[in-house]
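Fold and contact review
Chain by chain, the residues run as shown.
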Amino acid sequence: QDRGRNEYRPPASTYSAPSYSAPVLSGSDLISTWKRSTRSEKLSLCEALKKFAKDGSNISALDIHNCIEEATRGLDQTNSMTIADVAAACVVLMENM
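Residues numbered from 1 in each chain as written. Predicted model: local features only at pLDDT ≥ 70, side-chain atom pairs only at ≥ 80, totals over all residues. Heavy atoms only, no water.

The next subject is the state of the cysteines. Evaluated as defined, the whole model comprises one disulfide. With no disulfide of its own, cysteine 46 lies closest to cysteine 90 among cysteine sulfurs, the gap being 8.7 Å. For cysteine 46, a relative accessible area of 0% gives the class buried. (Disulfide = S-S within 2.5 Å. Buried < 20%, exposed > 50% of the residue type's maximum accessible area, 1.4 Å probe, protein only.)

It is worth spelling out helix α2 (residues 39-49) at this point. Buried within α2 are the following residues: Glu41, Lys42, Leu45, Cys46 and Leu49. Buried residues of α2, viewed axially, fall in a sector of 135°; they line one side. Opposite the buried face of α2, by more than 90 degrees, sit the exposed residues Ser40 and Ser44. At its buried positions, α2 is contacted by α1 (31-36), α3 (61-72) and α4 (83-95). (Helix = DSSP H or I, 4+ residues; strand = E, 2+ residues; numbered from the N terminus. Arc of directions from axis to C-beta. Contact = heavy atoms within 4.5 Å.)

Right, let's get into the packing of α2 against α3. For the pair α2 and α3, interaxial distance at closest approach is 8 Å and the crossing angle is 115°. Handedness of the crossing formed by α2 with α3: right-handed. For the pair α2 and α3, contact is made by Arg39, Lys42, Leu43, Cys46, Glu47 and Leu49 and by Ala61, Leu62, Ile64, His65, Ile68 and Glu69, respectively. (Axes fitted to C-alpha atoms, helices over the stretch in contact; angles between N-to-C directions. Left-handed = near helix turned anticlockwise from the far one by under 90°.)

Along its 13 residues, α4 runs 18 Å from first to last C-alpha, staying within 8% of the 18 Å computed at 1.5 Å per residue. The elements touched by buried residues of α4 are α1, α2 and α3. (Expected span 1.5 Å × (residues − 1).)

With that settled, the discussion passes to the packing of aromatic side chains. Scanning the entire structure with this criterion turns up zero aromatic pairs. Sitting above the plane of the phenylalanine 52 ring, lysine 51 keeps its charged end 5.7 Å from the centroid. (Phe/Tyr/Trp six-rings, centres within 6.5 Å; stacked < 30°, edge-to-face > 60°. Lys NZ or Arg CZ within 6 Å of the ring centre and 35° of its normal.)

In this structure, Ile31, Trp34, Leu45, Cys46, Ile64, Ile68 and Ile83 are the most contacted members of the largest nonpolar core, which totals 17 residues. Contributing elements (two or more residues each) for this core: α1, α2, α3 and α4. When residues in this core are grouped by element, the largest group, five residues, is from α4. What cysteine 46 contacts, discounting residues up to four positions off in sequence, is Trp34, Ala61, Ile64, His65 and Ile68. (Core = buried A, V, L, I, M, F, W, Y, C linked by side-chain atoms within 4.5 Å.)

As a further point, take the pattern of salt bridges. Close approach of charged atoms lets side chains of opposite charge pair. Under the defined criterion, the tally for this structure stands at three salt bridges. Note that glutamate 69 and lysine 42 form a salt bridge whose closest N and O atoms lie 2.8 Å from each other. One end of the pair, glutamate 69, is in helix α3; the other, lysine 42, is in helix α2, with 27 residues separating them in the sequence. A relative accessible area of 8% places lysine 42 in the buried class. (Salt bridge = Lys/Arg side-chain N within 4 Å of Asp/Glu carboxyl O.)

Here is the structure:
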């Protein structure tokens, strides 16, 4: 006996798994993109942007994230700046505090 005989199974060619492509944030993106990104995306980028810090610096990705957030909060003028430019300024500021 074939119990599965009456079950409907779509042909393999008609089904495709949904594709989800999460946007990848990069330093060359504008602050306007930063403002629309998730916290997870922002922190991931900030981890990569720690390269702006001097060797041996104790600046964390969270420090950079918080600085970018604070520096750009409510300032539409920053929307056309790149994330990397703001991050670099933040690192310089934090290293000289």
